[in-house]
Amino acid sequence: MAVAALGAAGQAAAQGNAPIKVGFMLPATGTFANLGEMIENGFKMHVNEQGGKLAGRDVQYFKVDDESDPAKATDNVNKLIKRDQVDVLVGTVHSGVALAMAKVARETGTLLIIPNAGADVITGAMCAKNIFRTSFSNWQPAFAMGKVAAERGHKRAMTITWNYAAGNESVKGFTEGFEKGGGKVSDNLTLPFPNVEYQALLTQIASQKPDAVYAFFAGGGAVKFVKDYVAAGLNKTIPLYGPGFLTDGTLEAQGEAAQGMLTTLHYADNLNTPRDNAFRLAFAKNYKTNADVYAVQGYDAAQLLAVGLKAVNGDISKRDQMQEAMRKAKIDSPRGTFSLSAAHNPVQDIYLRQVNGKNNEVKGVAIKSLADPARGCKM
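It should be emphasised that the depicted structure is a prediction, and the values quoted were computed from it without experimental measurement. (Residues numbered from 1 in each chain as written. Predicted model: local features only at pLDDT ≥ 70, side-chain atom pairs only at ≥ 80, totals over all residues. Heavy atoms only, no water.)

The next thing to look at is the overall build of the protein chain. From N to C terminus, the protein chain includes twelve helices and 15 strands. Compactness check: the protein chain gives a C-alpha radius of gyration of 21 Å against a globular reference of 21 Å for 379 residues, within 12% of the reference. Taken along the three principal axes of its C-alpha coordinates, the protein chain extends 85 × 40 × 35 Å. Counting the 379 residues in the protein chain, one finds 55% classified as buried. (Helix = DSSP H or I, 4+ residues; strand = E, 2+ residues; numbered from the N terminus. Rg over C-alpha atoms; globule rule 2.2 N^0.38 Å. Buried < 20%, exposed > 50% of the residue type's maximum accessible area, 1.4 Å probe, protein only.)

Right under this line is the structure:
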């Protein structure tokens, strides 16, 4: 019995000293590559601020380039779970890839923290005790922009997006907010992801002359769309609106074309709070670039993981206790403090921002403490 007890104690000590294995499944190539890099840098910055440890345990990283390809998602996530035996998955940007990650996480019980992809169903009908999000649902910023557009007096709008989960859900959110405010969406235009040949659709917009256009694009696709919209002269008579992804991380490349544009998001460049100012200064020093919403979401993913690990003194085998602590967490984020809903999605302020130079400057709060409706979630 004494030998057995010593063996058990040795195993516990070994686990206590072993690194926490974090598996990054993020895009390293393609349209969303820069977004993946910012998320990873934000996550690692918080860990580094804690001396490279979380709850006293070292952190070891494993990486897979998900290529923003849903067809490869299941194989990629299984590399991290089965081959690398990670303790926690962190990913991703593309909603279609995230849906596959969530399915595998539900089946295996692996802890999943989503630092971007906003697929509504993940914290809706697919919600689970081991799945958390530190970003947004696609519905949140879109619904807020629909409300703003209606309040600005627009009566008829058109929408345009890639035909995939994030785009379609964003358009639905905008439509809900806009029509609740008395507006009407007349047409929903789509093209396949990641196609950036917008000209035919811009011609349709020009011919139908709506009061406003709502667009969901991100990364390189957002850069080209905004520039093409202005090149077509549409901005002179038809205001362009979108969620913040249209202009976050893209302003330098968009240049003059983005100036004055209004977007809605849970983060802005000039919040000017002590918390955000310290974060932005540290990020700029560490990575020689300005922080954006993706960096914030990665940073907060690490903060959320740290809350869970601290609650169990680093013993990640105590999953139920750890996940309960994460559910109850209040995250002191650069965006402003936020909590999590019962579906594990942030309850947060959605800001109205306007492009000024290279910044998305806050103009006010579009909706305060907005919670996703989490339709179909049962835990």
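Read on, since the account is not over.
As a volume, the largest pocket reaches approximately 440 Å³. In this structure, the largest pocket is lined by 18 residues; those nearest its centre are G249, E252, T289, N290 and K358. For the lining of the largest pocket, the secondary-structure elements that each account for two or more residues are α2 (33-49), α9 (251-254) and β15 (359-370). Per-element accounting of the lining of the largest pocket gives the leading share, three residues, to α9. Split by residue class, the lining of the largest pocket holds four nonpolar, eight polar and six charged. For the second largest pocket, the calculated volume is near 190 Å³. Lining the second largest pocket are 14 residues, and of these N235, P239, L240, Q259 and M261 lie nearest its centre. Tallying contributions element by element places helix α8 (residues 219-231) first for the lining of the second largest pocket, with three residues. (1 Å grid on protein atoms, 1.4 Å probe; cavity = no way out; pocket = protein on both sides within 12 Å on 5 of 7 lines; lining within 4 Å. Points joined across faces, edges and corners; volume = space filled by probe spheres on them. Nonpolar A, V, L, I, M, F, W, Y, C, P; charged D, E, K, R; others polar.)

This part covers helix α3 (residues 70-83). Think of an α-helix as 3.6 residues a turn; residues three or four steps apart then line up on the same face. Across its 14 residues, α3 extends 20 Å between first and last C-alpha, which sits within 8% of the 20 Å expected from 1.5 Å per residue. For α3, the full list of buried residues reads A73, N76, V77, N78, L80 and I81. Looking at the buried side of α3, the elements it contacts are β1 (20-26), β3 (57-65), β4 (88-90) and α4 (95-108). Backbone nitrogen of A71 and a side-chain oxygen of the N-cap are separated by 3.0 Å at the start of α3; the cap is D69. Downstream of α3 by a residue or two, Q85 has a phi angle that is positive, lying close to 55°. (Expected span 1.5 Å × (residues − 1). Contact = heavy atoms within 4.5 Å. Polar contact = N/O pair within 3.5 Å; in protein donor to acceptor, adjacent residues only side chain to side chain.)

Right, let's get into empty space enclosed by the protein. Think of a ball as big as a water molecule: rolled over the atoms, this probe shows where empty space is left. Evaluation of the coordinates by the stated rule reveals one cavity of 30 Å³ or more. Taken together, 16 residues make up the lining of the largest cavity; nearest its centre are V93, N116, F136, Y164 and F216. Residue composition of the lining of the largest cavity, grouped by class: eleven nonpolar, five polar and no charged.

The next point concerns the pattern of salt bridges. Inspection of every chain in the model, using the stated rule, returns 17 salt bridges. Here K147 and E151 are joined by a salt bridge, their closest N and O atoms 2.8 Å apart. Note that K147 and E151 are positioned in helix α5 (residues 139-151) at a spacing of four residues, about one turn of the helix. Ionic pairing is found between K368 and D349, a salt bridge with its closest N-O pair at 3.3 Å. Here D349 lies in strand β14 (residues 346-356) and K368 lies in strand β15, a separation of 19 residues in the sequence. For D349, a relative accessible area of 19% puts it in the buried group. Residues joined by salt bridges that share partners form a network here, namely E40, K44 and K63. (Salt bridge = Lys/Arg side-chain N within 4 Å of Asp/Glu carboxyl O.)

This next bit is on the pairing of strand β5 (residues 111-114). Here β5 shows no split at all, with L111 and I113 on one side and L112 and I114 on the other all buried. Two strands pair when backbone bridges link them, and β4 and β5 are joined in this way by three bridges, in the parallel orientation. For L89, the partnering residue across the bridge sits in β5 and is L112. Regarding the hand of the β-α-β motif, the stretch spanning β4, α4 and β5 is right-handed. Taken together, the three bridges between β5 and strand β6 (residues 131-133) define a ladder with parallel strand orientation. What sits directly across from I113, in β6, is F132. (Pairing = 2+ DSSP bridges. Right-handed = clockwise from strand over helix to strand, strands pointing away.)

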